[in-house]
Protein chains: 4
Amino acid sequence: MKETIEMMGRMTLALEIIESCSEFSSLIPEVRTNLVYAKKQPNDSEDVLAIDGRITIVNGMPKAAGRIKWGASSHMARLITEICKRDATLRAGINFANNSKIVELLRDYSKKKNWIFSVIDRSLEPERVKIKEGDSMPWKVARAIRAADNRIPKLFYEKGAVGKEPVSVLLGENPIQVAKDICKIAKLYKRRF
Amino acid sequence: MKETIEMMGRMTLALEIIESCSEFSSLIPEVRTNLVYAKKQPNDSEDVLAIDGRITIVNGMPKAAGRIKWGASSHMARLITEICKRDATLRAGINFANNSKIVELLRDYSKKKNWIFSVIDRSLEPERVKIKEGDSMPWKVARAIRAADNRIPKLFYEKGAVGKEPVSVLLGENPIQVAKDICKIAKLYKRRF
Amino acid sequence: MKETIEMMGRMTLALEIIESCSEFSSLIPEVRTNLVYAKKQPNDSEDVLAIDGRITIVNGMPKAAGRIKWGASSHMARLITEICKRDATLRAGINFANNSKIVELLRDYSKKKNWIFSVIDRSLEPERVKIKEGDSMPWKVARAIRAADNRIPKLFYEKGAVGKEPVSVLLGENPIQVAKDICKIAKLYKRRF
Amino acid sequence: MKETIEMMGRMTLALEIIESCSEFSSLIPEVRTNLVYAKKQPNDSEDVLAIDGRITIVNGMPKAAGRIKWGASSHMARLITEICKRDATLRAGINFANNSKIVELLRDYSKKKNWIFSVIDRSLEPERVKIKEGDSMPWKVARAIRAADNRIPKLFYEKGAVGKEPVSVLLGENPIQVAKDICKIAKLYKRRF
């Protein structure tokens, strides 16, 4: 119960930070943003808190469409579950937009912050991985790690593929940290472009 | 920060309990319900978490109109602040409807649970207290305590006065406990009447 | 169908006006505001559009808690149904706060606009009328008309009674007109007090 | 004003139909759904009503994230504006998911209803069109018409491209008609797959 209280508290505070950051609206992708937070050693998406209905843009501001719930994400929940197997301290993540300007900014920012930055090139995805929806996650995470010289990245992006929007992902220990970091990045992006 | 995280987490979980309890809709008063949770030793409403816009009824279910926020309540925040001065462990509270059937149920339930039950008769309110909005709270709390043989009540109600809807109030250590208790009471009320 | 489309369109636009009027927050009573719009010759609350969960205050702004729905109001729906029996052109209404300053403003404003202004003194309400919730509406409307020399008032207020908050009511042909009028009144109130 | 009232009324009623259709949740694409309704002879997205924040899935049900607003869509608004130039009676549209099963169903359904059905193959999109976001719309609409033997399609889909999710689009005279049709399609889809 104590873990649930603290996780729910951090998610609520993180969402408050994101919903107050008008600049983040520019980083919300077409597929919308989700913010996820996994229990220790998560097994599946039911062990991951996320925003029901994702975070969208209303009146120009980021806005959660529904409540914070267990199991409310599938894609981002699978991602954080896979990440946790490699690094148990990275339990939170957020997805956001991607384009060449954002890549440039993320590369510079990662250098400055000494963050590991990586990329997943989905054009390299083997056919057998694509067959079943959801099966590509282990491949993707392995790919992002390999592209970062076998280190777990703090920040990475997926190049677009046929039918898939390119997206960026930021990881962190908890959603408050992730929310603060992404808002800093959003403010930099707004100032720069 | 740790206190804020835990308080926000408990409020979010408590709200989930209340929003899932269809029976509570029957106990939402005309003035709507608020759920409050005070910091240790609160000074004023800014030290109290509450629901912005209160809890109303949408599609027959209890629903928070806005987010959980510091300072989002005035009346219930003043009440819990005053209560905390007398008993530092009673940091959460909820207001709900009152009528003669509810009084009957609350009296029986308090007896069964060994809870201290009390009443505030606002017709006894001295004129000097009524003058300034907000000034009547110390008088009201003192009154509820006196009517319970100088013990702090867990549950009490205010009789209606001119221009004032009668309401009931349930107190507790934290909002999760309060939410669980009020939902049990709401289910009993539904079954009985 | 055409009537429903036009009624729903007017309610949606009226709500937009109210939700954009920050000054109206000061006029939302403890029992919250509802905005109602009756079909021609309404029989009961199912013939009246209203806001599910009423209009409350979120982030300092008026905000509808739920959707516009048939049957979403009981008190205000009974009122407009009763009014329609006397004047078929007055199909929309809104309730709002009441205090001595508001009464003063409404009296002045009615004079300026040549509106009929009235009052319901609930202390005069006969016991037989109070017995059943909802039965007092014909009495109240008759009272407001009598107090205005047998004319239907455009604007009136109810004095508080035991357990009843005092409220003001503005009527009009349609909810857009009502929304515009109440926002003008709210702006005047903010400027004056 | 009369046109605005009727348009807003139809959008509100159409949204009610969609939000009550649980089966439609299965047809909401990753990029989420928008429902658009253009004024007669629209010039740009400011002449098009749409859902602010799009329609997402909350508690398993379709749910509008924000209000119905002028200018709340860009992509779907450009589409309906372009369509209106060719057929002034097709003023409403909705986008939804696409995959091979959906294509199969739409083809069968169009045959049964005698609807013109078409496809846009974005792999044929010329480079000069892709350069500026938003510039591809005239090309896309022309393409969908050409693929339907120079007739305006009632229903069509876009094949996915690099970075672009495949989507389907249904057009109609007004949003109520579109909402009813898409809910029928969603129910068929649920039953069939």
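Bear in mind the structure is a predicted one, so any value in this text is a computation, not a measurement. (Residues numbered from 1 in each chain as written. Chains lettered and ligands numbered in written order. Predicted model: local features only at pLDDT ≥ 70, side-chain atom pairs only at ≥ 80, totals over all residues. Heavy atoms only, no water.)

A. Examining the interface of chain B and chain C more closely. Facing 21 residues of chain B, the contacting portion of chain C comprises 21 residues. Between chain B and chain C lies a buried interface of about 1,400 Å² when both sides are counted; carbon and sulfur atoms form 47% of it. In this assembly, chain B and chain C are joined by two salt bridges. Note that R54 of chain B and E30 of chain C form a salt bridge whose closest N and O atoms lie 2.8 Å from each other. Applying the counting rule to chain B against chain C returns 14 residue pairs in polar contact (both at pLDDT 80 or more). Element by element, the count of residues in the side of chain B that touches chain C is highest for strand 3 (residues 55-58) of chain B, at three residues. In terms of residue class, the side of chain B that touches chain C is made up of seven nonpolar, six polar and eight charged. (Contact = heavy atoms within 4.5 Å. Buried area = accessible area lost by both parts, 1.4 Å probe. Salt bridge = Lys/Arg side-chain N within 4 Å of Asp/Glu carboxyl O. Polar contact = N/O pair within 3.5 Å; in protein donor to acceptor, adjacent residues only side chain to side chain. Helix = DSSP H or I, 4+ residues; strand = E, 2+ residues; numbered from the N terminus. Nonpolar A, V, L, I, M, F, W, Y, C, P; charged D, E, K, R; others polar.)

B. Fine view of the relation of the copies chain A and chain B. For the pair chain A and chain B, the best superposition has an RMSD of 0.0 Å and corresponds to a rotation of 180° with a translation of 0.0 Å parallel to the axis. As the rotation angle and translation indicate, the two copies are arranged about a two-fold axis. Among all residues of chain A, the minimum C-alpha distance to the rotation axis is found for G9 of chain A, at 1.7 Å. By residue overlap, the copies meet face to face through one surface: 100% of the interface positions of chain A are interface positions in chain B. (Least-squares fit on C-alpha atoms with pLDDT ≥ 70 in both.)

C. Region of interest: helix 3 (residues 100-113) of chain B. All names here are of chain B. Look at helix 3: 20 Å from first C-alpha to last across 14 residues, which is about the 20 Å you get at 1.5 Å a residue. Buried within helix 3 are the following residues: I102, V103, L105, L106, Y109 and S110. Axial view of helix 3: buried residues confined to an arc of 165°, hence all on one face. In helix 3, the exposed positions that point more than 90 degrees away from the buried face belong to S100, K111 and K112. The secondary structure elements touched by the buried residues of helix 3 are strand 6 (92-97), strand 7 (117-120), strand 8 (155-158), strand 9 (167-172) and helix 6 (175-192). In this structure N99 caps helix 3, since a side-chain oxygen of it lies 2.9 Å from the backbone nitrogen of K101. (Expected span 1.5 Å × (residues − 1). Buried < 20%, exposed > 50% of the residue type's maximum accessible area, 1.4 Å probe, protein only. Arc of directions from axis to C-beta.)

D. Examining the sheet that holds strand 6 (residues 92-96) of chain A more closely. Residues and elements named next belong to chain A. Spatially, 5-2-1-6-9-8-7 is the arrangement adopted by the seven strands of the open sheet, whose pairing is mixed. For this open sheet the edge positions go to strand 5 (68-70) and strand 7 (117-120), each flanked by a neighbour on one side alone. Pairwise comparison of adjacent strand axes, ignoring direction, gives a mean angle of 20° for this sheet. Looking at chain direction, strand 7 and strand 8 (residues 155-158) are connected through four bridges and run parallel. Looking across to strand 8, one finds that V119 is bridged to Y157. The strands that helix 5 (residues 136-146) touches are strand 7 and strand 8; relative to strand 7, the one it contacts most, it runs at about 135°. (Pairing = 2+ DSSP bridges. Axes fitted to C-alpha atoms, helices over the stretch in contact; angles between N-to-C directions.)

E. Summary view of the relation of the copies chain B and chain C. Between the two copies, chain B and chain C, the superposition gives an RMSD of 0.0 Å; the rotation angle is 180° and the shift along the axis is 0.0 Å. Of the residues that chain B buries at the interface, 100% are likewise interface residues in chain C, meaning the two copies contact each other through the same surface.

F. Looking closely at the environment of A186 of chain C. Residue and element names in this part refer to chain C. Here A186 is to be found in helix 6 (residues 175-192). By relative accessible area, A186 is classed as buried at 0%. Along the primary structure A186 and W139 are separated by 47 residues, whereas in three dimensions their C-alpha atoms are 29 Å apart. With residues up to four places along the chain from it excluded, the contact list for A186 reads C21, E23, F24 and L27.

G. Geometry of the packing of helix 2 (residues 75-86) of chain A against helix 5 of chain A. All names here are of chain A. One can describe the packing of helix 2 onto helix 5 by two numbers: an axis separation of 10 Å at closest approach and a directional angle of 55°. As the angle between them shows, helix 2 and helix 5 are arranged oblique. In the crossing of helix 2 with helix 5, the sense of the turn from one axis to the other is right-handed. Judged by residue contacts, H75, R78, L79, E82, I83 and R86 of helix 2 engage M137, P138, K140, V141, A142 and I145 from helix 5. Within the contact of helix 2 with helix 5, the residues separate by chemical class into seven nonpolar, one polar and four charged. (Parallel < 35°, antiparallel > 145°, perpendicular 65-115°, else oblique. Left-handed = near helix turned anticlockwise from the far one by under 90°.)

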